[in-house]
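# Fold and geometry: a report
Now for the letters of each chain:
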Amino acid sequence: MPLLTKNSFEGWRYAKTGNSLAEVFSTIKVPLKGKSWRKLLAFTGPGLMVAVGYMDPGNWATDIAGGARFGYALLTIILISNVFAILLQYLALKLGIATERDLAQACKDHYHPAISFSLWILCEIAIAACDLAEVIGSAIALNLLFGLPLTWGVAVTALDVLIILFFQYKGFRLVEAVVAALILIIMGSFIFEMILSHPQIFPLLNGLLPRPEIVTNPSMLYISIGIIGATVMPHNLYLHSSIVQTRDYPRTETGKKMAIKFAGIDSTVALMFAFFINAAILIVAAASFHTSGHQDVADIMDAHKLLTPLLGTTLASIVFAVALLASGQNSTLTGTLAGQIVMEGFLNIKLKPWVRRLITRMIAIIPAFIVTFLYGERGTGNLLILSQVILSMQLGFAVVPLIVFTNDKRKMGQFANNKILKFVAIFTAVVIIGLNAYLLYDAL
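Here's a quick rundown of the structure. Bear in mind the structure is a predicted one, so any value in this text is a computation, not a measurement.

### Concerning the side chain of Ser197
Looking at the element boundaries, Ser197 is found in helix α9 (residues 172-197). Among the polar contacts made by the side chain of Ser197, one reaches the main-chain carbonyl oxygen of Met194 at a distance of 3.1 Å. The residues contacting Ser197, other than those within four sequence positions of it, are Val284, Ala287, Ser288 and Leu311.

Now the structure itself:
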């Protein structure tokens, strides 16, 4: 690998070996003249693809369990984790635009090969845990809509690799359009569910305020960390730092400033949609189950069974299942790209997309199939929540490098974080790592 010349950023040891997602790098035109809304429209898309990871089936499991058991109390956790997500995704897109490296490529350059390899393994575990949630969520949706047995549903999800490849070959804008359409389906579904469930407004607003029992109650803390793990997803940081580079903006200081500005707006707005959907899932669970004496509802299957009798219409259950299927398929699209980015960035190995996708999917399918076969519905529900806690445990290993890189002026030049952003970013990392350490200590 060639060393950098003296004219390059001092903070990087090696010259870049290739562009992130080379097949779509700088392929989407950005108008340099004209109104700002046209530029914003050109940058709209990556934020929605990142937001998908914040509304995948793993979120459903933790949000349903939290709402049914504790009412609106954990809305504050969804709000806080969404603020964390907005900050961290902004840092990720800034890293990608300012340095023209994704987070995986930056880690490979900065760390000793042994540490870099360890970070790759941890990231692959996170992607597998996320994919596990997508597999189980899609299988449950197929079961609810068509009566397909869970084990068969798990097997069928292996075929979605063909759908994903079709979209990828048709162009990146088509992938973004499909993602946007599926998000609209999910959002519309939960607006409908909220209208039917008649949530209590004042308890709902009170749930947005933090309370000490969230930390002192082990059960509440476990689900809270699961929500954080389901909301701020490690692989999304790698994904975002790459896909913002699909835009064809001038790779100059002025061009990069413009790109960071509009990509930041895109990301923040998209993540507010994700907050609404996550909050809506918990609100529906709280209004439907907690207040009706069904606090033991802890998984998607139970929620689906009870929605019809509690809300008075079979349409409630059908809409719920349709939204779940849309959620699972949406997350599959972005998970595929994240896996490609991580493997190419850390190992500089380029596999054919269908090979990479098949490997990732098989890692998820095998444990899902075994648990579904042995334990049925209850086992899949517990596995979903566990997958989100695993994701949360991996967060620090993605968050810390991201903050280190974006704080470093030698790597970022004038785009390095200012003092306030440095403090907020470090505080966020301390909170995330501290909560995970507390949970681990409590479990032991």
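From this point on, the discussion continues.
### As for empty space enclosed by the protein
According to the stated counting rule, one finds 4 cavities of 30 Å³ or more in the structure shown. Of the volumes computed, that of the largest cavity is approximately 50 Å³. If you trace the largest cavity, you find it lined by Leu119, Leu122, Cys123, Ala126, Pro234, Tyr238, Gln394, Phe397 and Ala398. Only α6 (113-146), α13 (234-243) and α17 (353-407) provide two or more residues apiece to the lining of the largest cavity. Of the residues forming the lining of the largest cavity, the biggest block, 4 residues, is contributed by α6. For the lining of the largest cavity, the class distribution of residues is 8 nonpolar, 1 polar and no charged.

### Here we look at the environment of Ser116
Tracing the backbone shows Ser116 in helix α6. Considering only alpha carbons, one finds Ser116 and Gln105, 11 residues apart in sequence, at a separation of 9.7 Å. For Ser116, the contacting residues outside a window of four places in its chain are Cys107, Lys108, Tyr111 and Phe346.

### Focus: the pattern of salt bridges
Within the structure shown, the criterion is met by 7 salt bridges. Across the pair Arg173 and Glu176 runs a salt bridge, and its minimum N-O distance is 2.8 Å. Pair noted here: Arg173 and Glu176 are both in helix α9, with a separation of 3 residues, about one helical turn. Residue Glu176 is classed as buried on the basis of its relative accessible area of 5%. The closest approach of N and O atoms between Arg410 and Asp408, which form a salt bridge, is 3.5 Å. Given the relative accessible area of 46%, Arg410 is considered partly exposed.

### Some points on the packing of α6 against helix α16 (residues 314-347)
Two elements in contact, α6 and α16, have axes separated by 8 Å at closest approach and are oriented at 160°. By the angle between their axes, α6 is roughly antiparallel relative to α16. Of the two possible hands of crossing, α6 and α16 adopt the one that is left-handed. Per-class residue counts for the contact of α6 with α16 are 20 nonpolar, 8 polar and 2 charged.

### A short note on the nonpolar core
Counting residues in hydrophobic clusters, the biggest one holds 131 residues, and the most contacted among them are Trp60, Leu74 and Phe190. The leading source of residues in this core is helix α14 (residues 253-290), at 20 residues. Every residue in contact with Trp60, bar those within four places of it in the chain, is listed here: Met55, Phe190, Ile281, Ile300, Phe320, Ala323, Leu324 and Ser327. Ala126, Ala129, Met233 and Leu391 belong to the second-largest nonpolar core, a separate cluster that totals 5 residues.

### Looking at the packing of aromatic side chains
One pass over the structure, following the stated rule, counts 7 aromatic pairs. Both rings, one in Phe43 and one in Phe262, keep their centres 6.1 Å apart while their planes meet at 15°; by these two values the pair is stacked. Linking Phe43 in helix α1 (residues 36-43) with Phe262 in helix α14, this pair joins segments that are 219 residues apart in sequence. Taken as a pair, Phe43 and Phe262 share a single burial class, namely buried. The rings of Trp12, Tyr111 and Phe405 are connected pair by pair, giving a single aromatic cluster. Lying across the ring of Trp12, Arg101 places its NZ or CZ 4.4 Å from the centre. Sitting over the face of the ring of Tyr249, Arg251 holds its NZ or CZ atom 3.8 Å from the ring centroid.

What counts, and at which threshold
- Residues numbered from 1 in each chain as written.
- Predicted model: local features only at pLDDT ≥ 70, side-chain atom pairs only at ≥ 80, totals over all residues.
- Heavy atoms only, no water.
- Helix = DSSP H or I, 4+ residues; strand = E, 2+ residues; numbered from the N terminus.
- Polar contact = N/O pair within 3.5 Å; in protein donor to acceptor, adjacent residues only side chain to side chain.
- Contact = heavy atoms within 4.5 Å.
- 1 Å grid on protein atoms, 1.4 Å probe; cavity = no way out; pocket = protein on both sides within 12 Å on 5 of 7 lines; lining within 4 Å.
- Points joined across faces, edges and corners; volume = space filled by probe spheres on them.
- Nonpolar A, V, L, I, M, F, W, Y, C, P; charged D, E, K, R; others polar.
- Salt bridge = Lys/Arg side-chain N within 4 Å of Asp/Glu carboxyl O.
- Buried < 20%, exposed > 50% of the residue type's maximum accessible area, 1.4 Å probe, protein only.
- Axes fitted to C-alpha atoms, helices over the stretch in contact; angles between N-to-C directions.
- Parallel < 35°, antiparallel > 145°, perpendicular 65-115°, else oblique.
- Left-handed = near helix turned anticlockwise from the far one by under 90°.
- Core = buried A, V, L, I, M, F, W, Y, C linked by side-chain atoms within 4.5 Å.
- Phe/Tyr/Trp six-rings, centres within 6.5 Å; stacked < 30°, edge-to-face > 60°.
- Lys NZ or Arg CZ within 6 Å of the ring centre and 35° of its normal.

Worth remembering: the numbers are spatial, not functional.
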